[in-house]
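Now for the letters of each chain:
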Amino acid sequence: MIDTIRYESVVRPDLAKGAVRRRDFPGFHEDYLALHCLIRANRPERFFEIGTSTGRGTRVICKAMSRRRLWPDTRSRVFSLDVPPGTDAALLYPEGEDGHPVKAGGKNPYPYTQLFGDSKSFDASPYFPIDGWFIDGKHNYDYARSDTLLALTSDPRLIIWHDMQIDEVRSGVTDAMRGARGYVVNTIEGTRLGVALRSE
């Protein structure tokens, strides 16, 4: 059972301060503010994103993860995985449901470590400890499930998913989290985010 938590309980003025704001496409303003605030509230030391794409989400993560007021100190603290350069977008999105940038992360000016590979077979263990994850890769059951299982291998305190309103994503996450002890999974009202926190 996945419950919904109130947007205002996540996005608080004290946590939202300094957040990257996006207003160019419906929904992203609320999604990215919630992502920023979840990271700020839970203070992960090292963070892994699946699905760099343009890097707009990576930019939010770097800003939220930074310990500095001006330029983020995040190259060794934020890792983002995307498909290898030159991957045919038609293979990623055979039904033409989405596009993919020529260069991963091009919209993020902040320092981070870019990784490439298929998340289904990627070994993230060389980058452990990872205590926070943002899963925004391919939005189908198989990848939502396998990406969640990959995140669980690091025993993180925080997992955030994008596009939890998609039935296949929600089902994949639900099935992957069924055997994970100590986590409560919620969605956040007014956003497309899901979040799991491990109880201490």
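Procedures and definitions
- Throughout this document, residue positions are counted from 1 along each chain, in the order its sequence is written.
- Local features in this predicted model are restricted to residues of pLDDT 70 or higher, and side-chain atom pairs are both shown and tallied only at a pLDDT of 80 or more, whereas totals for entire chains, interfaces and linings draw on every residue.
- The basis for every side-chain value is the complete set of heavy atoms in the structure, and neither hydrogens nor water enter the calculation.
- Type-normalised accessible area, obtained with a 1.4 Å probe on protein chains alone, sets the label of each residue: buried when under 20%, exposed when over 50%, and partly exposed for intermediate values.
- A run of H or I in DSSP counts as a helix once it spans at least four residues, and a run of E counts as a strand once it spans at least two, with each numbered from the N terminus.
- Note: two strands are recorded as paired if DSSP finds a minimum of 2 bridges between them.
- Charged-residue counts in this description rest on Lys and Arg as positive and Asp and Glu as negative, His and the chain ends being excluded.
- Salt bridge, as used here, is a side-chain nitrogen of Lys or Arg placed within 4 Å of a carboxyl oxygen of Asp or Glu.
- The contact criterion used is simple: two residues touch if any of their non-hydrogen atoms lie within 4.5 Å.
- To obtain each axis, a line is fitted to C-alpha atoms, and for helices this fit is confined to the stretch in contact; angles are then taken between N-to-C directions over 0 to 180 degrees.
- Helix crossings fall into two classes, left-handed where the near helix is turned counterclockwise from the far one by less than a right angle and right-handed where it is turned clockwise.
- Lys, Arg, Asp and Glu make up the charged group, whereas Ala, Val, Leu, Ile, Met, Phe, Trp, Tyr, Cys and Pro make up the nonpolar group; the residues left over, Gly among them, are polar.

Turning next to the pairing of strand β6 (residues 158-162). Burial of β6 is extensive: five of the five residues sit out of reach of the surface. Here β6 shows no split at all, with L158, I160 and H162 on one side and I159 and W161 on the other all buried. Two elements, strand β5 (residues 132-135) and β6, share four bridges in a ladder whose sense is parallel. Bridge pairing in β6 links I135 to W161.

On to the side chain of D147, then. Structurally, the position occupied by D147 is in helix α6 (residues 141-152). Buried charged residue D147 carries no salt bridge. Nearest counter-charge: K120, at 8.3 Å. Not counting the four nearest positions on each side in its chain, D147 is found in contact with I50, S119, I135 and G137.

This brings us to the packing of helix α3 (residues 28-42) against helix α4 (residues 56-65). Look at α3 against α4: their axes get within 9 Å of each other, and the N-to-C directions meet at 30°. The way α3 lies across α4 gives a crossing that is right-handed. When α3 is examined against α4, the residues Y32, L35, H36, I39 and R40 are found in contact with a partner set consisting of R56, G57, V60, I61, K63, A64 and M65. Residues that form the contact of α3 with α4 fall into these classes: seven nonpolar, two polar and three charged.

Ordered by their spatial adjacency, eight strands build an open sheet running β1-β7-β8-β6-β5-β2-β3-β4, and the pairing between neighbours is mixed. Sheet topology places β1 (3-5) and β4 (113-116) at the edges, where each strand pairs with a single neighbour. Strand after strand, the sheet turns through a mean of 25° between neighbouring axes, direction not considered. Looking at chain direction, strand β2 (residues 47-50) and strand β3 (residues 78-82) are connected through four bridges and run parallel. Note on β3: the bridge partner recorded for F47 is V78. Against the sheet, α6 contacts β2, β5, β6 and β7 (183-188), and its axis sits at roughly 170° relative to β5. Its contacts with the sheet put helix α7 (residues 167-177) on β6, β7 and β8 (193-198), and the angle it makes with β6 is roughly 160°.

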